[in-house]
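A closer look at the structure
Here is how the chains run, residue by residue.
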Amino acid sequence: MQLSSLRDSIAPLESDLKAAPPRISVYHDLPFAIMRYDPTDEWELRREIKLLATRLEAVGKKVHTIPMSELLWSALEKVHQKDDDEGLEAVIKLEKERGYVEAQQQLTTYLSSKVWMSIGFQI
């Protein structure tokens, strides 16, 4: 994505979030969005999201930014606390021994398996 297409993607989101009630979700108490973007656009997207947050706060909206990476690291730490043979170090070792795909599958297990569901998140 290029800058103009990032802005073009964010514009309808901004409009929906500013609407009263917000049009972003069918659930009135969960006004959030997930936006797909190319990894090469990460820094530009972060800048645009900060600008969006500023504009939303200027019209009285309360904005919370929750980096998904923080949730992932928190989950891995809790997995490790629950089982010393699991968690980040285990994922790193798995990636070195069996490759990225295996490590990614293990992370998916940590984040979605009923066995690990109890790790929970505090936001």
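This write-up is about the structure you can find in this document. (Residues numbered from 1 in each chain as written. Predicted model: local features only at pLDDT ≥ 70, side-chain atom pairs only at ≥ 80, totals over all residues. Heavy atoms only, no water.)

Side note on the overall build of the chain
Helices and strands together make up the secondary structure of the chain, namely 5 helices and 0 strands. Helices (α) and strands (β) of the chain occur, in sequence order from the N terminus, as α-α-α-α-α. Counting over 123 residues, the chain shows a buried share of 20%. Counting only contacts in the chain whose residues sit at least 6 apart along the sequence, the fraction spanning at least 24 positions is 58%. If you sum the accessible surface of the chain, you get close to 9400 Å²; carbon and sulfur atoms cover 56% of it. (Helix = DSSP H or I, 4+ residues; strand = E, 2+ residues; numbered from the N terminus. Buried < 20%, exposed > 50% of the residue type's maximum accessible area, 1.4 Å probe, protein only. Contact = heavy atoms within 4.5 Å. Areas by Shrake-Rupley, 256 points an atom, 1.4 Å probe, with all protein chains shown as cover.)

Some points on the pattern of salt bridges
For the structure shown, the criterion picks out 7 salt bridges. Across the pair glutamate 14 and arginine 55 runs a salt bridge, and its minimum N-O distance is 2.9 Å. Of this pair, glutamate 14 sits in helix α1 (residues 3-18) while arginine 55 sits in helix α2 (residues 42-58), placing them 41 residues apart in sequence. Classification of glutamate 14 by relative accessible area gives buried; the value is 11%. Among the ionic pairs, glutamate 44 bridges to arginine 47, the shortest N-O distance being 3.1 Å. Taken together, the residues glutamate 44 and arginine 47, both in helix α2 and 3 residues apart, mark about one turn of the helix. According to the relative accessible area criterion, glutamate 44 is partly exposed, its value standing at 26%. Classification of arginine 47 as partly exposed rests on a relative accessible area of 37%. Sharing partners across several salt bridges, the network here consists of Arg7, Glu44, Arg47 and Glu48. (Salt bridge = Lys/Arg side-chain N within 4 Å of Asp/Glu carboxyl O.)

Re the nonpolar core
Counting residues in each nonpolar core, the largest one holds 7 residues, listed as Leu6, Ile10, Leu13, Leu17, Leu45, Leu52 and Leu56. Counting only elements with at least two residues in this core, the list comes to α1 and α2. Tallying contributions element by element places α1 first for this core, with 4 residues. If you look at the next biggest cluster of nonpolar residues, it comprises 6 residues, including Leu76, Val91, Ala103 and Leu107. (Core = buried A, V, L, I, M, F, W, Y, C linked by side-chain atoms within 4.5 Å.)

These figures capture arrangement, not role.
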